[in-house]
Amino acid sequence: MELRSVEELMDLLYACRDARAVPDPGGPPADPLEHALRTAALLRRGRPADKELQVAGLIGPVGALLGGGDPAGRAADAVRALLGERVSRLVRDCPGRDVPAGDDLLALRQAAEEARTAGLDAGDLEDWRTVLELLAARDVRLGAVD
């Protein structure tokens, strides 16, 4: 499945609320959307200028809703055309694959791990709509030039 709009992506992210909970060693399991929001919020704090990295932290749970055997790969494929190759690559490689981890991937993995126990208020999914729209619009403009 290839997502064609931010609205489709937002619908999938909202649907993640009803997906299987992410184990949380420090307390009750977090719903996948809350975990993704925490991950993105931690990345926003640590790397405020890197919107692609932040969004990669937000996209993680989408793959579980798309069916099949490789959730990260499905999520990466679904967002590639909409959000660009870098976001897609980060989403695909985040869950501990045998891929050399550069600074970005290490930051993403660390934020995802910390988000399991972080007690922070990560805000609302709607807070991310504008960032998603900006990335999608930028990627469309860049694609038209290629």
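Residues numbered from 1 in each chain as written. Predicted model: local features only at pLDDT ≥ 70, side-chain atom pairs only at ≥ 80, totals over all residues. Heavy atoms only, no water.

## What about the packing of helix α2 (residues 32-46) against helix α7 (residues 103-115)?
Line of reasoning, step 1. Two elements in contact, α2 and α7, have axes separated by 8 Å at closest approach and are oriented at 130 degrees. One finds that α2 runs oblique with respect to α7. Crossing handedness for the pair α2 and α7: right-handed. Only Ala107, Leu108, Ala111, Ala112, Glu114 and Ala115 of α7 make contact with α2, whose side of the interface consists of His35, Arg38, Thr39, Leu42 and Leu43.
Line of reasoning, step 2. Residues belonging to the contact of α2 with α7 are distributed by class as follows: 7 nonpolar, 2 polar and 2 charged. (Axes fitted to C-alpha atoms, helices over the stretch in contact; angles between N-to-C directions. Helix = DSSP H or I, 4+ residues; strand = E, 2+ residues; numbered from the N terminus. Parallel < 35°, antiparallel > 145°, perpendicular 65-115°, else oblique. Left-handed = near helix turned anticlockwise from the far one by under 90°. Contact = heavy atoms within 4.5 Å. Nonpolar A, V, L, I, M, F, W, Y, C, P; charged D, E, K, R; others polar.)

## Structural notes on helix α5 (residues 71-83)
Line of reasoning, step 1. Under the 1.5 Å per step criterion, the end-to-end length of α5 is 17 Å for 13 residues, consistent within 8% with the ideal 18 Å.
Line of reasoning, step 2. Three or more residues of α5 are buried, namely Ala72, Gly73, Arg74, Ala75, Ala76, Ala78, Val79, Leu82 and Leu83.
Line of reasoning, step 3. At the exit of α5 stands Gly84, carrying a positive phi of roughly 105 degrees. (Expected span 1.5 Å × (residues − 1). Buried < 20%, exposed > 50% of the residue type's maximum accessible area, 1.4 Å probe, protein only.)

## A short note on the confidence of the model for the chain
Line of reasoning, step 1. When pLDDT is averaged along the chain, the result is 84, and 80% of the positions lie at 70 or above.
Line of reasoning, step 2. Averaged over each element, pLDDT in the chain is lowest for helix α8 (residues 129-145) (77) and highest for helix α3 (residues 51-59) (95). (pLDDT = per-residue confidence, 0-100.)

## Section: the nonpolar core
Line of reasoning, step 1. Residues Leu9, Leu58, Leu83 and Leu132 are the most contacted members of the largest nonpolar core, which totals 43 residues.
Line of reasoning, step 2. Of all the elements in the fold, those that place two or more residues in this core are α1 (6-15), α2, α3, α5, α6 (85-93), α7 and α8.
Line of reasoning, step 3. Sort the elements by how many residues they give to this core and α2 lands first, with 7 residues.
Line of reasoning, step 4. Other than its neighbours up to four places away in sequence, Leu132 contacts Val6, Leu9, Met10, Leu13, Val55, Leu58 and Leu83. (Core = buried A, V, L, I, M, F, W, Y, C linked by side-chain atoms within 4.5 Å.)

## What about the side chain of Arg129?
Line of reasoning, step 1. Of note, Arg129 is situated in helix α8.
Line of reasoning, step 2. Setting aside its immediate chain neighbours within four residues, Arg129 contacts Val6, Glu7 and Met10.

## A word on the environment of Arg47
Line of reasoning, step 1. With respect to the helices, strands and loops of the structure, Arg47 is situated in the loop between α2 and α3.
Line of reasoning, step 2. Here Arg47 falls in the partly exposed class, since its relative accessible area comes to 28%.
Line of reasoning, step 3. Ignoring sequence-local partners within four residues, the contact set of Arg47 consists of Leu53, Gln54, Asp103, Asp104 and Ala107.

## Overview of the pattern of salt bridges
Line of reasoning, step 1. The final tally for this structure, using the stated rule, is 14 salt bridges.
Line of reasoning, step 2. For Asp50, the salt bridge goes to Arg47, with nearest N and O atoms at 3.8 Å.
Line of reasoning, step 3. Here Glu52 makes a salt bridge to Arg86, at a shortest N to O gap of 2.9 Å. Of this pair, Glu52 sits in helix α3 while Arg86 sits in helix α6, placing them 34 residues apart in sequence.
Line of reasoning, step 4. Sharing partners across several salt bridges, the network here consists of Arg47, Asp50, Glu52, Arg86, Asp104 and Arg138. (Salt bridge = Lys/Arg side-chain N within 4 Å of Asp/Glu carboxyl O.)

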